[in-house]
Structure formats: C-alpha cells, structure tokens
Amino acid sequence: MTLEPRVRLAVPNKGRLEEPTARLLHDAGIQFEATMRALTVPARNVPLELLFVRTEDVVELVADGVADVGVTGLDVLAESGTDLEVLAELGFGRCRLAGAVPKDSPYDDPSDFAGLRVATSHPRVTNRFFEAKGVDVQVIALRGSVEVAPKLDVADAIVDLVSSGSTMMVNGLRPVVTLLESQAVLVAGSVRPDVRDTVAQLTTMIRAVVAGRRKRYLLLNAAADRVAEIDDLIPGIDAPSVVPLSHAGPGGEAMVAIHSVVDAADLWTLLPKLSQVGASGILVLPIEQLIP
Ligand code: AMP
C-alpha cells in the first residue's frame, strides 16, 4: 500500500484564533482528534496532518517549509516581513492595527505622531507605515502590555490591535489612525509538488465554508403575480428559482415558491419588506458550503 503524502497545516494551539480555526476545519469536513496536547495530529479522512503551534510561529514554519500551509493573523504575516501567499481570508479574528494617543492629547492625524515615542509589538509595520508617510517616529518595540506604555511614560503613543476598542478606552487612549485591517488568513509557502492537489482541495473547501457563512438560503411562498416585486427586493447576482405550488392561494390565485441565496447581513432589512409584499412561509436556512 502506498501512503498518500499528507499536507502539513500549521494551526494555532492557543489564543484567539485556536477555537475558530478548529471550527472552520470541522465545517470544511476535516475530521481529527482534538487532543491539543499533541503537536501533530493526522486527519482521519483527508491526507492532511495538523501541526498545533503558536499563532506567531505559523508564518515561520510555513516560510521554512516545515508546514505547507498555515492559519494565522494578517497582522502577524505583515509584521513577519515574509511574502507568503494568502490563499483565503477566513472572516474571523477581525481587528485593526491602530495608532492611539492619550485621549486628552491634541493629536489627531498620522503627521501629529512626528517626534513621538510609539510603543508597539508591531515595529516593522509601524516603521513602514510612518516612513511611507514621511513622518519620523521613535518606535519602541514591546512584546506585550503595549497599552500601558503611555501611563508608564515609556511612550507618547502606541500602535496596537483593536477590535472593540474597550481595552484602549480603559487605558485612557484614543485610536486616531488605522495602519492595517486584519483577520485570520490561510497562508501558503512553496507547497511541495506532491501535495499541491490536496492544498488546492483544502483551499476550495475552506473558501466554500467562509463564503457559506456569509450567506443564507431563503425560501418563501407568494402569489405568482408578486414575483417581479419580490425579485426586485432580493439582491444578488443569480436569479431566484421560482417553482409553481400545487395549491392555489386563499383567493384562488396561483402560488409559487421562491428559493434564493441572500447575504446574511441583508436579512434584517429584507425580511420585513418581503413580508410586506405578501411573502409567506419565509424560511431562512444556513449554508454549510458555497462554491459560486
Ligand atoms: P493570540 O495572541 O494567540 O491570542 O492571537 C492574536 C491574534 O489574534 C492577533 O495577531 C490577531 O490576528 C488576532 N486578534 C483579533 N482580535 C484581536 C484583538 N482585539 N487583540 C489582539 N489580537 C487580536
């Protein structure tokens, strides 16, 4: 028996990206034993081996060829300075790298950072950003607790990751500039030739899950003469399917079922409008995978 070569996929073993990454792989149909204590775990149903490592180490392992592909944050990739290929944006771990100043300071603009001491755990991105703007800053590289640096008078401003903004607020800081929008990404280095097909398959499946999460399957019934109105309300590129129903409506009118795929983000405004134009029996179903 010849063993099919396994793709080596490096994934975070702790931190913010650990749980959503495991869920993504599960939703993509990859079965594995979640014994996170083991460094490597083979998938049961796919020629793939998981390497559980720290989020920051993923880029280096992929760049060095220890892993073929990996999951990490776009901010981590940007800070590493390596040019791995981004195969897919994963839609979680969303945050932005922001420049922030003490909230009662007069600074408002990147140019106001000129001459300031800027504490950050992203020194490369910070240097690149201010250099490109021709603003001279003194970057102070810290590994953690960046947001307390101004209080300790170690720095005048910071560049740090923000999602809700509450950590900055608690520390009396005001974000004034965005250096980078980040989210988790699937990255690849120079993939070994014998696993290229599996990497392509993995990418397709992961993209299909990410795309499916943003969409919902919408079913509804309506009188046949309302189809044009409903069609106008349903956004999207593809025309909805319209299927005749075997029963007429209460007034004897011909009825149809309409099936469509819509953006999850639009449902909030879409459903009441559909109801207003006479749609009934509206069902919204999750989509596990979507390949356009
Ligand atoms: P970890 O340090 O392992 O928890 O992972 C940190 C990574 O999670 C960062 O590099 C970002 O890509 C992502 N992330 C998402 N939101 C935030 C946030 N508010 N603060 C820090 N990291 C975040």
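Data block above holds the structure.
On a predicted model such as this, the values are computed, not experimentally measured, just so you know. (Residues numbered from 1 in each chain as written. Predicted model: local features only at pLDDT ≥ 70, side-chain atom pairs only at ≥ 80, totals over all residues. Heavy atoms only, no water.)

> How would you summarise the sheet that holds strand S7 (residues 117–120) if you had to cite specific residues and measurements?
The 5 strands lie next to each other as S8-S7-S9-S6-S10, forming an open sheet whose pairing is mixed. Each edge of the sheet is formed by a strand with only one pairing partner; in this case those strands are strand S8 (138–141) and strand S10 (173–182). Each strand of the sheet is rotated relative to its neighbour by a mean of 25°, with strand direction disregarded. Bridge analysis of S7 against S8 gives 4 bridges, and the strand direction is parallel. The residue of S8 that forms the bridge with Val118 is Val139. (Pairing = 2+ DSSP bridges. Helix = DSSP H or I, 4+ residues; strand = E, 2+ residues; numbered from the N terminus. Axes fitted to C-alpha atoms, helices over the stretch in contact; angles between N-to-C directions.)

> Explain the environment of Leu24 to me, and be specific about the residues and the numbers.
One can find Leu24 in helix H1 (residues 18–27). Distance in space between the C-alpha atoms of Leu24 and Met205 is 9.8 Å, their sequence separation being 181 residues.

> Explain the nonpolar core to me, using residue names and the numbers behind them.
For soluble globular proteins, the rule of thumb is that nonpolar side chains tend to be buried together. The biggest cluster of nonpolar side chains holds 30 residues, and the ones touching the most others in it are Leu9, Val69, Leu90, Leu186 and Ile206. Broken down by secondary-structure element, the contributors of at least two residues to this core are strand S1 (7–12), H1, strand S3 (48–53), strand S4 (69–73), strand S5 (85–89), strand S11 (184–188) and helix H6 (196–213). Residue contributions to this core peak at 5 residues, all from H6. Among residues more than four places away in sequence, those in contact with Leu9 are Leu25, Leu48, Glu49, Leu50, Leu51, Val69, Gly70, Val71, Leu186 and Leu202. Phe113, Leu116, Val137 and Leu180 belong to the second largest nonpolar core, which has 16 residues in total. (Core = buried A, V, L, I, M, F, W, Y, C linked by side-chain atoms within 4.5 Å. Buried < 20%, exposed > 50% of the residue type's maximum accessible area, 1.4 Å probe, protein only. Contact = heavy atoms within 4.5 Å.)

> I'd like a rundown of the site of the ligand, residues and numbers included.
Every one of the 13 residues lining the ligand counts as a neighbour, but Gly15, Arg16, Thr55, Asp75 and Ser163 are closest to it. Thr55 places a side-chain nitrogen or oxygen 3.2 Å from an oxygen atom of the ligand. Measuring from a nitrogen atom of the ligand, one finds a side-chain N or O atom of Ser163 at 2.7 Å. In isolation the ligand exposes 490 Å². Once the protein is present, 77% of that is buried. When each cavity is represented as a set of grid points, the ligand is found to reside in the largest pocket. Looking at side-chain class alone, the shell around the ligand contains 4 nonpolar, 5 polar and 4 charged residues. (Near = heavy atom within 4 Å. Polar contact = N/O pair within 3.5 Å; in protein donor to acceptor, adjacent residues only side chain to side chain. Areas by Shrake-Rupley, 256 points an atom, 1.4 Å probe, with all protein chains shown as cover. 1 Å grid on protein atoms, 1.4 Å probe; cavity = no way out; pocket = protein on both sides within 12 Å on 5 of 7 lines; lining within 4 Å. Sits in = over half its atoms within 2 Å of the grid points. Nonpolar A, V, L, I, M, F, W, Y, C, P; charged D, E, K, R; others polar.)

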